[in-house]
Amino acid sequence: MAVLHNDTFLRALLKQPVEYTPVWLMRQAGRYLPEYRETRAKAGSFLALCHNPELSTEVTLQPLERFALDAAILFSDILTVPDAMGLGLHFVEGEGPKFTHPLQHENDVTRLQVPDMNRLRYVFDAVHSIRKALNGRVPLIGFSGSPFTLACYMVEGQGSRDFRLLKTMLYQRPQLLHRILDINAQTVTAYLNEQIAAGAQAVQIFDTWGGVLSDKAFQEFDLRYLQQVVSGLQREADGRRVPVIIFTKGGGQWLEQLAALGADALGVDWTVNLQQARQLVGQQVALQGNLDPLALFGDSESITAEVKRLLAAYGAGSGHVFNLGHGINQYTNPEMVKCAVDAVHRISTEYHQN
């Protein structure tokens, strides 16, 4: 693989000195870009796009042609993992992802197994292809859903507002949910390690639904399995550390516990006070975030003001990766994204002067 020309993102995750605050955006390759929509139409469907390493490479690189981003993230979907487990992923127009075989009976859970990683070979082929296409331009991030977040979809069979079926299992048959989570943790660990072997230079665990849990349930059904994954990950490749980021949406109240898991960085959503978060965990981990994605619907003046506010909240020194507090909205104007990215680079230099 080519020598990495811009490693600012990786250095920031490891709290090493940087010249400016690096920035990337969750869902940076996606529906808000007209060129993405064209490529998806060419692929025929979202799943067909995910399954095509060449087209996945194309859309992964698209935002880098528009914006001065400091990292690329693999174009894929967290639900490829339960699909490989045989749950039958499909997308219904206007309704989102659904599973043909959700885990709603004890026999379904009993049959669940860690899948053969060859069923996800198209993902690893995409990682290798993207790394080659990047040619050392910026680092490549691999990712997976967390064991709990994957379980939410696997039990519900689709997205949910209240996760009633999942929580019914949690409270009535907790051992069934523990089995799902253990299988998921083993699978996520193997999946991320395969991505690292294929060329991912950092990995992020998307714990999107951790924030729907009570405090007690979070400890038992989420934190425990995040720990299992982190402890099993390959942490070095190409002679350098592979940083691990955990992003628990709605998890600001658990930052100290999340920081103790051994990851290198924590993503925080827009509800978190970045200054307070740094005071809590800044010596243990880097922080990633946390612009409200809808702040990009403001004008250039208001977006620049929000960028200034967040950079000031984190303060001087390394250990901050600028990002959104969740994925970019599909209706976002790309020009406003450019405004934010450029503002981060321009303004942040004052916080990194020796």
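Model, not experiment: these values are computed from the prediction. For every chain, the first residue of its written sequence is number 1, and the numbers climb from 1 along that sequence. In keeping with the model being predicted, local features are shown solely for residues with a pLDDT of at least 70 and side-chain atom pairs are shown and tallied solely at 80 or more, while totals for entire chains, interfaces and linings include all residues. Each side-chain value is derived from all of the structure's non-hydrogen atoms; neither hydrogens nor water enter the calculation.

J.: I'm lost on the layout of surface pockets in this one. Help?
T.: Here a cavity denotes a set of grid points, spaced 1 Å apart and computed over the protein atoms alone, in which a 1.4 Å probe fits but from which it cannot get out, and a pocket denotes an open set meeting protein on both sides within 12 Å along at least five of seven lines; residues with an atom within 4 Å of a point are reported as lining. Grid points are joined across faces, edges and corners, and a volume is the space filled by probe spheres set on the points. The computed volume of the largest pocket comes to approximately 1500 Å³. Residue lining of the largest pocket: 41 residues in total, with Arg 27, Arg 31, Phe 46, Asp 77 and Phe 91 positioned closest to the centre. Under the scheme used here, helices are H or I runs from DSSP no shorter than 4 residues and strands are E runs no shorter than 2 residues, and both carry numbers assigned from the N terminus. Among the elements of the structure, helix 2 (34–43), helix 3 (46–50), strand 2 (89–92) and strand 3 (96–99) are those that each provide at least two residues to the lining of the largest pocket. Of the residues in the lining of the largest pocket, the class split is 22 nonpolar, twelve polar and seven charged. A volume near 200 Å³ is recorded for the second largest pocket. The wall of the second largest pocket is formed by 17 residues, among which Arg 131, Gln 201, Ala 237, Asp 238 and Arg 240 lie closest to the centre. Broken down by secondary-structure element, the contributors of at least two residues to the lining of the second largest pocket are helix 10 (174–198) and strand 7 (240–241). It is helix 10 that contributes the most residues to the lining of the second largest pocket, three residues altogether. Residue type decides the class: Asp, Glu, Lys and Arg count as charged, Ala, Val, Leu, Ile, Met, Phe, Trp, Tyr, Cys and Pro as nonpolar, and the leftover types, Gly among them, as polar. Per-class residue counts for the lining of the second largest pocket are eleven nonpolar, two polar and four charged.

J.: What is the right way to look at the environment of Ile 246 in this model?
T.: Mapping Ile 246 onto the fold places it in strand 8 (residues 244–248). Exposure remark for Ile 246: the relative accessible area of 1% places this residue in the buried category. Between the alpha carbons of Ile 246 and Val 155 there is a distance of 22 Å; along the sequence they are 91 residues apart. When neighbours within four sequence positions are excluded, Ile 246 is seen to be in contact with Ile 205, Leu 226, Val 230, Leu 258, Leu 261, Ala 263, Ala 265, Leu 266 and Gly 267. Each residue's exposure class comes from its accessible area (1.4 Å probe, protein chains only) as a fraction of the maximum for that residue type: buried when under 20%, exposed when over 50%, partly exposed otherwise. Two residues qualify as a contact provided that any one of their heavy atoms is within 4.5 Å of a heavy atom in the partner residue.

J.: How should I be thinking about the sheet that holds strand 5 (residues 202–207) in this particular structure?
T.: Sheet strands line up and pair through hydrogen bonds in the backbone, either parallel or antiparallel. Note on pairing: two strands pair once DSSP finds at least 2 bridges between them. Across the sheet, which stays open at both edges, the seven strands sit in the order 1-4-5-8-9-10-11 with parallel pairing between neighbours. Both edges of this open sheet fall to strand 1 (72–73) and strand 11 (320–321), since each of them pairs with a single strand only. Across five bridges, strand 5 lies against strand 8 in parallel orientation. Among the inter-strand pairings, Val 203 is bridged to a residue of strand 8, identified as Val 244. Helix-sheet contacts for helix 10 involve strand 4 (140–145) and strand 5, and the interaxial angle to strand 4 is about 165 degrees. Each axis is a line fitted through C-alpha atoms, and for a helix only the stretch in contact is used; angles between axes span 0 to 180 degrees, taken between their N-to-C directions.

J.: Is there a simple way to think about the packing of aromatic side chains in this case?
T.: Any aromatic ring pair is given by two values, namely how distant the centres are and how the planes are angled relative to each other. Between rings of Phe, Tyr and Trp, where Trp is taken as its six-membered ring, a pair exists when centres lie within 6.5 Å; planes separated by under 30 degrees are stacked, by over 60 edge-to-face, and by other angles tilted. Under the definition given, this model contains eight aromatic pairs. Consider the rings of Phe 46 and Phe 75, whose centres lie 5.8 Å apart with planes at 75 degrees: the pair is edge-to-face. Pair noted here: Phe 46 is in helix 3 and Phe 75 is in the loop between strand 1 and helix 5 (80–87), with a separation of 29 residues, a long-range link. This pair shows no difference in class: Phe 46 is buried, exactly as Phe 75 is. Grouping aromatic residues by their ring pairs yields a cluster made of Tyr 36, Phe 46, Phe 75 and Phe 91.

J.: Looking at this structure, how should I read the side chain of His 326?
T.: Positionally, His 326 belongs in the loop between strand 11 and helix 15 (334–348). Residue contacts for His 326: discarding those within four places in its chain leaves Met 26, Arg 27, Thr 208, Phe 247, Lys 249, Trp 270 and Pro 293.

J.: What should I look at first to understand empty space enclosed by the protein in this one?
T.: A probe as big as a water molecule, rolled over the atoms, marks out the empty space that is left. This model, assessed by the stated rule, comprises one cavity of 30 Å³ or more. Lining the largest cavity are Ala 2, Leu 4, Arg 131, Leu 134, Asn 135, Gly 136, Val 138 and Gln 201. Of the residues that constitute the lining of the largest cavity, the class distribution is four nonpolar, three polar and one charged.

J.: Help me understand the packing of helix 8 (residues 147–156) against helix 9 (residues 164–172), please; the structure alone is not making it clear to me.
T.: Angle between the axes and distance between the axes: these two values describe a pair of packed helices. Put simply, helix 8 and helix 9 touch, their axes get as near as 8 Å, and they point 105 degrees apart. In terms of orientation, helix 8 lies roughly perpendicular with respect to helix 9. Seen from helix 8, the contacting residues are Phe 148, Ala 151, Cys 152, Val 155 and Glu 156; seen from helix 9, they are Arg 164, Leu 165, Leu 166 and Met 169. When the residues that make up the contact of helix 8 with helix 9 are grouped by side-chain class, the tally is seven nonpolar, no polar and two charged. For classification, angles of less than 35 degrees are called roughly parallel, those exceeding 145 degrees roughly antiparallel, those between 65 and 115 degrees roughly perpendicular, and all remaining angles oblique.

J.: Any chance you could explain the nonpolar core here in plain terms?
T.: Across soluble globular proteins, nonpolar side chains show a tendency to be buried alongside one another. As used in this record, nonpolar core signifies buried Ala, Val, Leu, Ile, Met, Phe, Trp, Tyr and Cys residues forming a set joined through side-chain atoms within 4.5 Å. Membership of the largest hydrophobic core comes to 134 residues, with the highest contact counts inside it found for Phe 9, Ile 180, Ile 246 and Leu 258. Tallying contributions element by element places helix 10 first for this core, with eleven residues.

J.: Which parts of the structure should I look at to understand the pairing of strand 3?
T.: Every other side chain in a regular strand lies on the same face of the sheet, so the side chains alternate between the two faces. As judged from the four bridges shared by strand 2 and strand 3, these two strands associate in the antiparallel manner. Looking at the pairing, His 90 lines up with Lys 98 of strand 3. Count of turn residues in the strand 2/strand 3 antiparallel hairpin: three residues, of which Gly 94 carries a positive phi of about 85 degrees.

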